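# Analysis of the macromolecular model
The residues making up each chain are set out below.
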Amino acid sequence: MVDPESGLSLTIARIVQRLQGSSLHSQLERQARVSLHKPEIKLESLKEDIKDFLKTSGWEKKLQNAVYSELNVFPSPCHPAAPPEHMKEPLAYMRKAQRPISEQKELLNKWNEMGTDEPDLSLFRPVYAPKDFLEVLMNLRNPNYENGEQPSFRNHLGLIQVPLKVKDIPELKEDFSELGLNIGQLGIDDSAQVPPEFFENEHVRVGQKVLAEQDSAAAQQYVRQGCPTALRADLWALILNISNQPEDILYYEQLKSNVIQHDLLVDSLIYKDVKLTASNDDYYFVFEDYLYQVLLCFSRDTSVLEHFTYSSATPPKSYIRGKLGIEECAVFYPPNGVIPFHGFSMYVAPLCFLYHEPSRLYQIFREMYVRFFFRLHSISSHPSGIVSLCLLFETLLQTHLPQLFYHLREIGAQPLRISFKWMVRAFSGYLATDQLLLLWDRILGYNSLEILAVLAAAVFAFRAVNLMEVTSLAAAEAVLADLSTLKVMPLLQIFLFATVT
């Protein structure tokens, strides 16, 4: 067990270390030096006077937002003396060439029209698809138990056979209490308690006040009831601590330059994925150029490697000069350590509706990825990790819709085989965009991906009558093939707060 004081000290040390290398640290130093020339700053009370100046000038609030943002990123610390692999994942069993100048100029000229002239992709296929990843998760076992025979786990009949602790309906109700039937929500059209028009007008007013105060914690609490469309982009940026300063824009331009100068094998995987997914989507095909720009820059961004300090995964390595196994010759490949899978570009596509300035769009996606999306394609015991989400989904169905669960299991249509692709992509490409953004509001608001598993179970509950009549996996998939007409918030409310527990 981690001593609370030592755990807190470790967390503080981590945050201080990360902030010391940030642009905010440089700006604070510069402002402190400027304040020395102000008449209200006295030598005998220098420290307190500078503190007061930073507070009244708004810099204290910016520092608070940065600290709050870091607290949302880092999980609860392990013991300070724990080895690095334990910091990343506590459970042991979970644990190319330069382009020619002519090509550089050609790519630069078509940067905003990249979807019109992609390379020959006929020989490329995605490294893996969600169904391949599910097969890996299905074979996970805890070696401490024979066939997963932990007493409390013996009756689990789903595909996931690792005994992780997941929440039940009463615990989820408590965690997601702001989604209650008697509380106003954006995304609910016919609330009997609060007239939608009155709630929306008041909610917009409160949202504007939150933005004016630039308080990340208040913004995170606010979006639990949904974001007004006109305020969503700025509220998400506030929660994620994205300000798009000149140095951020310069960093994006440097990444863009790296794309233009260096051709990587992973580029073809990105082109292939966009062509197979977003380019064929009725909502997102118009953003094809944005997707190439963001994802190609993302592949070169070595700052993304930082998330591996709290991810259970390890970035893949390559060895230069053919010296295999010699660490001095090891380099991470791709440079960001992330190999895209089939559907990866759908993490970016919905954000294109909110952000049209490339560097800001890029920063929002990168922060969403290193906070949330990486957990959907890495194996870990984290409550928001894909293994726990799968287990939570199966447990909710088996407990609260046992007849449906057993029926589908008996006909060879295990529910997880259908819902897994929804959760891995955070429902992107399956829900209508307005409904998806309402769902992602809650991911940001609760700093958790567990709501994905709850929604997946709620979809099965909503279509339960039709599913009880199917006799094959193909028929079950047909019933659940189109989610574009579903309303997210009513489904979540009914499943969480109208389910008999």
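Not measured: the values here are computed from a predicted model.

Parameters at a glance
Residues numbered from 1 in each chain as written. Predicted model: local features only at pLDDT ≥ 70, side-chain atom pairs only at ≥ 80, totals over all residues. Heavy atoms only, no water. Helix = DSSP H or I, 4+ residues; strand = E, 2+ residues; numbered from the N terminus. Areas by Shrake-Rupley, 256 points an atom, 1.4 Å probe, with all protein chains shown as cover. Salt bridge = Lys/Arg side-chain N within 4 Å of Asp/Glu carboxyl O. Buried < 20%, exposed > 50% of the residue type's maximum accessible area, 1.4 Å probe, protein only. Axes fitted to C-alpha atoms, helices over the stretch in contact; angles between N-to-C directions. Parallel < 35°, antiparallel > 145°, perpendicular 65-115°, else oblique. Contact = heavy atoms within 4.5 Å. Nonpolar A, V, L, I, M, F, W, Y, C, P; charged D, E, K, R; others polar. Polar contact = N/O pair within 3.5 Å; in protein donor to acceptor, adjacent residues only side chain to side chain. Expected span 1.5 Å × (residues − 1). Patch = residues over 30% accessible without salt bridge, like charges linked within 9 Å, V, L, I, M, F, W, Y side chains within 5 Å. Phe/Tyr/Trp six-rings, centres within 6.5 Å; stacked < 30°, edge-to-face > 60°. Left-handed = near helix turned anticlockwise from the far one by under 90°. 1 Å grid on protein atoms, 1.4 Å probe; cavity = no way out; pocket = protein on both sides within 12 Å on 5 of 7 lines; lining within 4 Å. Points joined across faces, edges and corners; volume = space filled by probe spheres on them.

Helix and strand content of the protein: 23 helices and two strands. As displayed, the protein offers around 23700 Å² of accessible surface, 55% of which is attributable to carbon and sulfur atoms.

This part takes up the pattern of salt bridges. Inspection of the entire model under this criterion finds 13 salt bridges. Linking Asp234 and Arg360 is a salt bridge whose minimum nitrogen-to-oxygen distance equals 2.9 Å. Within this pair, whereas Asp234 is found in helix H11 (residues 229-239), its partner Arg360 is found in helix H15 (residues 358-371), the two being separated by 126 residues in sequence. Asp234 sits in the partly exposed class, given a relative accessible area of 38%. According to the relative accessible area criterion, Arg360 is partly exposed, its value standing at 21%. Between Asp301 and Arg366 there is a salt bridge; the shortest N-O distance is 2.8 Å. Residue Asp301 is located in the loop between helix H14 (288-300) and strand E1 (317-319), and its partner Arg366 is located in helix H15; the two are separated by 65 residues in the primary sequence. Its relative accessible area of 0% is what places Asp301 among the buried residues. Among the charged side chains, a network of salt bridges with common partners joins Lys167, Asp175 and Glu450.

In this section: unusual backbone geometry. Residues Tyr333 and Pro334 are joined by a peptide bond in cis, for which omega reads -5 degrees. Topologically, Pro334 is positioned in the loop between strand E2 (330-332) and H15. Its identity as a non-glycine residue notwithstanding, Asn244 has a phi of 55 degrees, on the positive side. Here Asn447, not a glycine, exhibits a phi torsion of approximately 50 degrees, which is positive. Relative to the assigned elements, Asn447 resides in the loop between helix H19 (433-446) and helix H20 (450-462).

A few words on the packing of helix H12 (residues 246-261) against H14. H14 packs onto H12 with a crossing angle of 90 degrees between their chain directions and a minimal axis gap of 9 Å. Relative to H14, H12 is oriented roughly perpendicular. Contacts between H12 and H14 pair Tyr252, Leu255, Lys256, Asn258 and Val259 from the former with Gln293, Leu296, Cys297 and Arg300 from the latter. Within the contact of H12 with H14, the residues separate by chemical class into five nonpolar, two polar and two charged.

The next thing to look at is the side chain of Glu450. Tracing the sequence through the fold places Glu450 in helix H20. Among the polar contacts listed, one links the side chain of Glu450 to the side chain of Lys167, at a separation of 3.1 Å. Dropping the residues within four chain positions of it, Glu450 is found in contact with Lys167, Phe176, Pro383, Ser384, Leu389 and Leu392.

For helix H16 (residues 386-400), which comprises 15 residues, the first-to-last C-alpha distance of 21 Å matches the rise-based estimate of 21 Å (1.5 Å per residue) to within 8%. The element H16 is largely enclosed, with a buried count of 12 among its 15 residues. Listed in full, the buried residues belonging to H16 are Ile386, Val387, Ser388, Leu389, Cys390, Leu391, Leu392, Phe393, Glu394, Leu396, Leu397 and Gln398. Looking at the buried positions of H16, the neighbouring elements they touch are helix H7 (130-138), helix H8 (169-175), helix H17 (402-410), helix H18 (415-424), H20 and helix H23 (488-497).

On the surface, Leu36, Leu43 and Leu46 cluster together into a nonpolar patch covering about 300 Å² of accessible area. Within the element layout of this structure, Leu46 appears in helix H3 (residues 46-56).

Of note, Ile249 is situated in helix H12. By relative accessible area, Ile249 is classed as partly exposed at 33%. Excluding residues that lie within four positions of it along the chain, Ile249 makes contacts with Asn244 and Ser359.

A few words on the packing of aromatic side chains. For the structure on display, the rule yields 24 aromatic pairs. Among the aromatic side chains, those forming a connected cluster through ring pairs are Phe298, Phe341, Phe344, Tyr347, Phe365, Tyr369, Phe373 and Trp440.

Packing of H14 against H15 brings their axes to within 10 Å, and their N-to-C directions diverge by 60 degrees. With respect to H15, the element H14 is oriented oblique. In the packing of H14 onto H15, the handedness of the crossing is right-handed. In contact with Tyr290, Gln293, Val294, Leu295, Cys297 and Phe298 of H14, H15 contributes Pro358, Leu361, Tyr362, Phe365, Arg366 and Tyr369.

To continue, consider the layout of surface pockets. In this model, the largest pocket occupies a volume close to 1300 Å³. Elements supplying a minimum of two residues to the lining of the largest pocket: helix H1 (4-20), helix H2 (23-35), helix H4 (59-73), H11, H12 and H15. No other element matches the seven residues that H15 contributes to the lining of the largest pocket. Residues belonging to the lining of the largest pocket are distributed by class as follows: 15 nonpolar, 16 polar and 10 charged.

What follows covers the environment of Cys352. Locating Cys352 in the fold gives a position in the loop between E2 and H15. As a C-alpha pair, Cys352 and Phe287 span 65 residues in sequence and 6.7 Å in three-dimensional space. Non-local contacts of Cys352, meaning those with residues more than four positions away in its chain, are made with Phe287, Tyr290, Leu291 and Leu361.

You can see Ile242 is positioned in the loop between H11 and H12. Relative accessible area serves as the criterion here: at 13%, Ile242 is assigned to the buried category. Considering only alpha carbons, one finds Ile242 and Glu367, 125 residues apart in sequence, at a separation of 8.4 Å. Discounting chain neighbours no more than four positions away, the residues touching Ile242 are Ala237, Gln363, Ile364 and Glu367.

With that out of the way, let us pick up the side chain of Ser216. Summarising the element assignment, Ser216 is placed in helix H10 (residues 216-222). Polar side-chain contacts of Ser216 include one of 2.8 Å to the backbone oxygen of Leu238. The residues touching Ser216, leaving out its near neighbours within four places in the chain, are Asn65, Tyr68, Leu238 and Ile239.

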